[in-house]
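Coordinate analysis (summary)
Here is how the chains run, residue by residue.
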Amino acid sequence: MRIDLHTHSRVSDGTDTPTELVHAARAAGLGVVALTDHDATDGWAEAAAAAREVGIGLVPGLELSTHYHGRGVHLLGYLHDPTYAPLRAEIDRILGGRDARVAHMVAKLNESGVAVTVDDVRAESTDAVSTGRPHVADALVKLGVVADRDEAFEHYLSWGRPAFVGRYASELVQTIRSVSEAGGVAVIAHPWGRSGEASRLREEDFAALQAAGLTGLEVDHQDHSPAMRADLRAIATNLGLVVTGSSDYHGLGKKGHDLGVNTTAPDQFALLLERAAASAAASGRRTPEAVLPR
Ligand code: AMP
Ligand code: ZN
Ligand code: FE
Ligand code: FE
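One structure accompanies this document, and this report is about it. (Residues numbered from 1 in each chain as written. Chains lettered and ligands numbered in written order. Predicted model: local features only at pLDDT ≥ 70, side-chain atom pairs only at ≥ 80, totals over all residues. Heavy atoms only, no water.)

Examining the packing of helix 3 (residues 85-111) against helix 5 (residues 133-142)
Between helix 3 and helix 5, whose axes approach to 10 Å, the crossing angle comes to 40 degrees. With respect to helix 5, the axis of helix 3 lies oblique. Of the two possible hands of crossing, helix 3 and helix 5 adopt the one that is right-handed. On helix 5, the residues that touch Arg-101, Met-105 and Leu-109 of helix 3 are Arg-133, Val-136 and Leu-140. Taken together, the residues of the contact of helix 3 with helix 5 sort by class into four nonpolar, no polar and two charged. (Axes fitted to C-alpha atoms, helices over the stretch in contact; angles between N-to-C directions. Helix = DSSP H or I, 4+ residues; strand = E, 2+ residues; numbered from the N terminus. Parallel < 35°, antiparallel > 145°, perpendicular 65-115°, else oblique. Left-handed = near helix turned anticlockwise from the far one by under 90°. Contact = heavy atoms within 4.5 Å. Nonpolar A, V, L, I, M, F, W, Y, C, P; charged D, E, K, R; others polar.)

Details of the coordination of the iron ion (ligand 4)
Ideal values differ by geometry: the angle at a metal is 109.5 degrees with four tetrahedral donors, but 90 or 180 degrees with six octahedral donors. Distances from the iron ion (ligand 4) to its protein donors, His-6 (NE2), His-8 (NE2), Glu-63 (OE) and Asp-248 (OD), fall within 2.1 to 2.2 Å. The site at the iron ion (ligand 4) holds four donor atoms, and with the angles between them running 77 to 164 degrees, its shape is irregular. Counting gaps between the donor residues of the iron ion (ligand 4) yields the pattern H-x1-H-x54-E-x184-D. The metal-metal distance between the iron ion (ligand 4) and the zinc ion (ligand 2) is 4.6 Å. Of this pair, His-6 sits in the loop between strand 1 (3-4) and helix 1 (18-27) while Asp-248 sits in the loop between strand 8 (242-245) and helix 10 (266-283), placing them 242 residues apart in sequence. Here His-6 and Asp-248 have matching classes, each one buried. (Donors = N, O, S within 2.8 Å, 3.2 Å for Na, K, Ca; no water. Tetrahedral: all angles 85-135°; square planar, octahedral: opposite > 155°, others 65-115°. Buried < 20%, exposed > 50% of the residue type's maximum accessible area, 1.4 Å probe, protein only.)

Details of the pairing of strand 4 (residues 71-78)
Where strand 3 (residues 57-68) meets strand 4, eight bridges bridge the pair, whose relative direction is antiparallel. The partner of Glu-63 across the bridge, within strand 4, is Leu-76. Here strand 3 hands over to strand 4 after two residues, with His-69 in that stretch at a positive phi of 45 degrees. In this sheet, strand 6 (residues 185-188) lies alongside strand 4 in antiparallel orientation, the contact comprising four bridges. Its bridge partner lying in strand 6, Leu-75 is registered against Ile-188. (Pairing = 2+ DSSP bridges.)

Some thoughts on the site of ligand 1
Taken together, 14 residues form the shell around ligand 1, and within it His-38, Arg-101, Arg-133, Asp-150 and Lys-254 come nearest. Asp-13 places a polar side-chain atom, nitrogen or oxygen, 3.1 Å from an oxygen atom of ligand 1. Separating an oxygen atom of ligand 1 from a side-chain N or O atom of His-250 is a distance of 3.3 Å. Starting from 500 Å² of accessible surface for ligand 1 in isolation, the protein chains cover 89%. (Near = heavy atom within 4 Å. Polar contact = N/O pair within 3.5 Å; in protein donor to acceptor, adjacent residues only side chain to side chain. Areas by Shrake-Rupley, 256 points an atom, 1.4 Å probe, with all protein chains shown as cover.)

Remarks on the side chain of Glu-218
Among the structural elements, Glu-218 can be located in strand 7 (residues 216-220). No salt bridge is formed by the buried Glu-218. Its closest oppositely charged neighbour is Lys-254, at 8.9 Å. (Lys, Arg positive; Asp, Glu negative; His and termini not counted. Salt bridge = Lys/Arg side-chain N within 4 Å of Asp/Glu carboxyl O.)

Functional significance is not addressed by these values, which are geometric in nature.
Here you go:
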């Protein structure tokens, strides 16, 4: 059974609808897929219905934008109650920040001589609850300013480039606690992706986060070299954290992230579900069910 626990749909910055994504997951031979849009759970119901129809498993999740001692950290949350008010309030704050950022990025692009408008960007994010830089990139592609998202990031949108704008993110420890209180489990996404060696989270950081309720580490991800994966796996094993692997699929929006390019071992998935069931029971919240594969 091939299990992929990190994907994005058009509800955030992927290019598939949740239904298309589930169909693509089945076509790719996956038995279980998790939908983890950035800061949004709005695709859950559609994805679950599609998964029941095609007979594969579906884990409802999301990828939260957080920060920890000055670093940006992406946190995957799975199987929590999406109506839990403190988490809901944080997500609304993040989404507000994402929305407000669009006009700032457009203004910076205009200053750089690129004639793009907020409406051009909105036209690329009509299905998205969570707007992001990839939608700005898509607008630039449409205008013929760049060839693809990669080029848009490279020239304009990445940190240090002329149209980069930061945005609000939640504090990591508090967010891990909130996901637990909401009856779910939290896994750090691509923990060493893109960060320089000096600013990487270390074993003692992961131990501290585990004490706050962290359940796992996404070890197998395209942003990690084989050496990084080996080191992270050793840390996870040492601490008793669940090891996951995933594609971080964005449809056509991100190259080299095809569905199933990395997967989660069945025993680790079983452990994740076990810990999610324990978290749900301890929380007293009404949590969603994973769709199980037929
Ligand atoms: P944001 O959440 O708005 O800050 O945008 C970050 C998103 O942009 C992440 O989900 C990445 O997957 C995506 N991203 C970052 N770099 C690139 C790139 N070079 N090409 C396509 N997508 C990218
Ligand atoms: Zn993304
Ligand atoms: Fe991420
Ligand atoms: Fe992601």
